[in-house]
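# Summary of structural features
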Amino acid sequence: MRKPVIVRKLTRDWCAGYATPNPAEELDALELLDISGKLMQIAWEQVKWVCYVRELNPGDSIVPISGPRVLAGDTGNYAANPERLLRRRFSGRPRGAGLWLRITLRDGDDLEGLAANDRSLVDGAGLLLTPPDTRSNTQRVFVPRSSIRELIVLGVINPSHTRSQTHSEKPSLQPGLFEREHNDQPPE
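I will try to describe carefully the structure that is included in this document. Nothing here was measured: the structure is a model prediction, and the numbers come from that model.

## Notes on the packing of aromatic side chains
Applying the stated rule across the entire model yields 2 aromatic pairs. Considering the side-chain rings of W44 and F142, the 5.3 Å spacing of their centres and the 50° angle between planes classify their relative orientation as tilted. With W44 in the loop between strand 4 (39–43) and strand 5 (47–53) and F142 in strand 11 (residues 138–144), the pair connects residues that are 98 residues apart, well separated along the chain. Ring centres 6.1 Å apart and planes at 90° place the aromatic pair F90 and W100 in the edge-to-face group. Residue F90 is located in the loop between helix 1 (77–80) and strand 8 (98–105), and its partner W100 is located in strand 8; the two are separated by 10 residues in the primary sequence. The same class applies to F90 and to W100, which are both buried.

## Details of the pattern of salt bridges
Two side chains that carry opposite charge are able to pair once their charged atoms sit near each other. In the structure shown here, the tally under the stated rule is 11 salt bridges. Here K48 and D107 are joined by a salt bridge, their closest N and O atoms 3.0 Å apart. Pair noted here: K48 is in strand 5 and D107 is in the loop between strand 8 and strand 9 (110–115), with a separation of 59 residues, a long-range link. Judged by relative accessible area, which is 27%, D107 ranks as partly exposed. As a salt-bridge pair, R135 and D133 come within 3.5 Å of each other at their nearest N and O atoms. The class for D133 is buried, based on a relative accessible area of 16%. What you see here is one network of salt bridges that share partners, running through R12, K48, R88, D107 and D109.

What counts, and at which threshold
Residues numbered from 1 in each chain as written. Predicted model: local features only at pLDDT ≥ 70, side-chain atom pairs only at ≥ 80, totals over all residues. Heavy atoms only, no water. Phe/Tyr/Trp six-rings, centres within 6.5 Å; stacked < 30°, edge-to-face > 60°. Helix = DSSP H or I, 4+ residues; strand = E, 2+ residues; numbered from the N terminus. Buried < 20%, exposed > 50% of the residue type's maximum accessible area, 1.4 Å probe, protein only. Salt bridge = Lys/Arg side-chain N within 4 Å of Asp/Glu carboxyl O.

Given below as C-alpha cells:
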C-alpha cells in the first residue's frame, strides 16, 4: 500500500505522489507513483527528503507545470511549502520514545526529529523521522543518507511507564509490617 508523499529535491523542486511506507529498503532510487499515475524513479542523490503527508491537495487540484507543482488558484504559498513543515526544531524535550536527532542537510537546512533506536539507523537508504510538529500536514520525514551532511544525537528518549506499572513493579518498602503472627492471633 502506498502513502501520499511530497518529495523535495535538493534543487528546491518538488513533486507529489505515492510511495511505499518505508523507502529505506529501496537502495538505488525512490519509486514514486505521481498524481497522474505515472511510475517514476528518482535517484536518492537528487532527493532532499520525502514527507509523508495527511493530504496532497488541501481543497484544490494539483496542476503540473514546468518546475514545481502548484495548486490551481493558489497565490504561491502552497507552491513554496507544500509539506507545510513549519517547525523544524523541537521547542523542548520530545515526548515520544527514540533518538532525538538534529540533521544538517547538504543544502544547509537543519531538521530535528525522533528516529527509532534500532537497526534502521545503520541499514537502508536513509532515516525515517517523526518531525517536531505532527499536527501539521507532514507526519513523517524520510531523509536519504546521501542528503545528510551532519547528524547529531541530542538525546535518547526512553519510553515512559504509566503510573500503575511503576507502582506495581516497585518492591514493597516494609514487607510484613502489619501482618499478623502465626495462627492469626491478635497481638497482645
